[in-house]
Amino acid sequence: MKNSMMSISWKQTLSWYLLLLGIVCGQGAVTIHWLGGWQKLDQVWNESPLLSGDHPIHFYHGKLGAASWIHMGSSSCYDPTFQIGYPKTPVYDPGSRMAECFLLVSGTHPMAGYKIGVLSLGLLVPIAFALMSYGLMFRAGACCLSALLASWLWWTPGIHELIEQGATDLIIGAIFAGIHLCWWIRFSEEPWIHSWGVLTLSAIGLWYTQPWLGMTLFPAILCWYLWVAYRHGIAWHLSVWACTAMTLLANWNGITDWSRYTLPMLADPENSHHSLLTINEFLNYKKWLPSDRISMILEGIGLIGLIGMIWRHGSASYLISTGGAAFAAISFMCNCVQSIPNFGNRPIITLMPLLFVCPASYLLTSFAQRLSTNLSGKFWGFFWITSILAAIFVWTQSWQIIVRMKEINIGYSDQQKAIIKQLKELQCPSLAESSNSFGRLLWEDEREDNICPVLLPAETNLAFVGGLDRSGVLEHSSIHLCEGYLSKKRIADWTDAELQRYFAQYNIRWIMAASENTKARLDHLSLVKKHDLNSLGDHRILYEVNRAGTLLLKGSAKVVQVDWQRIALADVVPNEYGEIILSLHYQEGWRIAPPYVQMDKANLDVNHNIPFIRLKLPGPVGRLTLVWENR
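This text gives an overview of the structure that appears in the document. (Residues numbered from 1 in each chain as written. Predicted model: local features only at pLDDT ≥ 70, side-chain atom pairs only at ≥ 80, totals over all residues. Heavy atoms only, no water.)

### Looking at the pattern of salt bridges
Per the counting criterion, the structure on display carries 12 salt bridges. With a closest N to O distance of 2.7 Å, Lys88 and Glu100 form a salt bridge. One end of the pair, Lys88, is in strand 2 (residues 86-88); the other, Glu100, is in helix 4 (residues 96-106), and 12 residues separate them in sequence. In this structure, Glu629 engages Arg591 in a salt bridge whose closest nitrogen and oxygen atoms are separated by 2.6 Å. Placement of Glu629 in the segment after strand 18 (621-628) and of Arg591 in strand 15 (residues 590-593) is noted, with a sequence separation of 38 residues between them. You can call Glu629 partly exposed: its relative accessible area is 25%. Through salt bridges that share partners, Glu579, Asp600, Arg614 and Lys616 make up one connected network. (Salt bridge = Lys/Arg side-chain N within 4 Å of Asp/Glu carboxyl O. Helix = DSSP H or I, 4+ residues; strand = E, 2+ residues; numbered from the N terminus. Buried < 20%, exposed > 50% of the residue type's maximum accessible area, 1.4 Å probe, protein only.)

### Side note on a nonpolar patch on the surface
A contiguous nonpolar patch, built from Trp69, Ile70, Leu104 and Val105 and spanning about 450 Å² of accessible area, is present on the exposed surface. Within the secondary structure, Ile70 is located in helix 3 (residues 55-72). (Patch = residues over 30% accessible without salt bridge, like charges linked within 9 Å, V, L, I, M, F, W, Y side chains within 5 Å. Areas by Shrake-Rupley, 256 points an atom, 1.4 Å probe, with all protein chains shown as cover.)

### Some remarks on helix 7 (residues 157-165)
Taken residue by residue, helix 7 has Gly158, Ile159, His160, Leu162, Ile163 and Glu164 as its buried positions. Packing partners of the buried residues in helix 7 comprise helix 1 (15-35), helix 3, helix 6 (140-154) and helix 8 (168-189). Looking one or two places after helix 7, you find Gly166, whose phi comes out positive at around 95 degrees. (Contact = heavy atoms within 4.5 Å.)

### Points about the pairing of strand 13 (residues 567-573)
Counting buried positions along strand 13 gives five out of seven residues, so the element sits mostly inside the fold. Judged from the five bridges that link them, strand 12 (residues 556-562) and strand 13 form a sheet pairing that is antiparallel. Counted as the bridge partner of Ser556 is Val573 from strand 13. Hairpin connection of strand 12 to strand 13: four residues between the antiparallel strands. (Pairing = 2+ DSSP bridges.)

Have a look at this one:
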């Protein structure tokens, strides 16, 4: 076969399938060790939350997105539980995309389904990299070797940190990108239905998990398409465009959300997270290099293998090298431009060793071919290679890395249980209850906080300001309290009248203070008092604001329902100006019943450009319903 890499030999023996299965089982064994051993395996099946890194917020948004998808056909919804209402979209939390998939499958056991989904990613890695090598038309031995190397890298410190921090969208997106690039090779050589199917599904998965990666790789794919276009007939070109059309159609909602919410954020010159690296930081080359020996060794082997592929197989080496260059480019861009939401602040350069897995497998199996007369029928070549890798594995103390690996954080700590117990004792009506007396809790965020309050609403029935976005990427987080700064202004500089107006507009009933500056200001504020419930046993103090809570800032009504599905009010009576103003953030895309009620923006806070919801109606109405349809 012209330009084929190495003839496929899977069909000649089942031994390679058994070997691949063994690698997958090995991944499972290390995963169980990460959980703490077989004796702690039961914590995966129960509803104890996964609290490491950003996993809690991914689960929270994934649960909202899955429910919204079932009821409304879209994973985006309006969430009034945090930040007095914000649009929950995958743009602000890309990691929730994988969580939505896990939870759609798990059904009635959402947390168990999410944990199983996260842990199963490690089992899919060897299969995915074997599939990449198969797309490059490698021999079965090279496919198994790619699976082994990828499984090895999965537990190196850099990549493992991304897993623990919850960067599932980034990791899976990079894997989908690798599969897509590799199968372009096979589709150009063997344009069969299974090649087209893998090409299309990998493209859909790539754009679903990480549109940024899809955008970055598009120029490399376009150049490849123009390079090989002359070799094929009209049917092949129609297949390519059909793949593109199906990718766009399957991800249309995500692409529209991305353009609607991300582009204005990047174009905002006042974005506080927009910062460029200085030239000195750029010249600090060590920060771009892997920190562990395993990754450095594999990158060295892969680089030599890539040179060999360029010499013998120009097509495959071109696509791998250009794809790697594109990935490196987006790594640099996202480390330079920190305004990219929930993406630019991640060390995605640590995924670079994964790009060298296939070239390294090609080089090592080419060497193994010289040790074995028939690599596909005998295991001697693969045996020698695995022996060499085992020696490197021991030399780099890889097993000690696995043995000393910190267990994943599952289940509430005693400190978190104390906070949940105290908040439950408040016995305050929630948003979802038919009451007008509910109030919000102002949670003081900390950059390095070991408590993630994003799961507390489900435990306490409280609504929060803060607690969702510690980094402040979300525009609606600008009103939060973080390390002594309230709405980006030192709380010590707020007057009593300003704080009283803030508490009224955002319906604050309690404050969970963490910093000494906040505690000192609140201790001298007559509007609040320390709560007399049990101590939390840590540095946080709960304060209670001396005011009655209400959702309505102007006008009167009975609150029937306020959740991600709808806002429902009964016995609505506007003020003398025919207005109802709610303590909820305005957002485009509402459908209102009755239809003659008009909605516009109420700019009550001069310090922020996010308006409140204002409803205009000619007179009293028995029931008023708002549903956010994201249009």
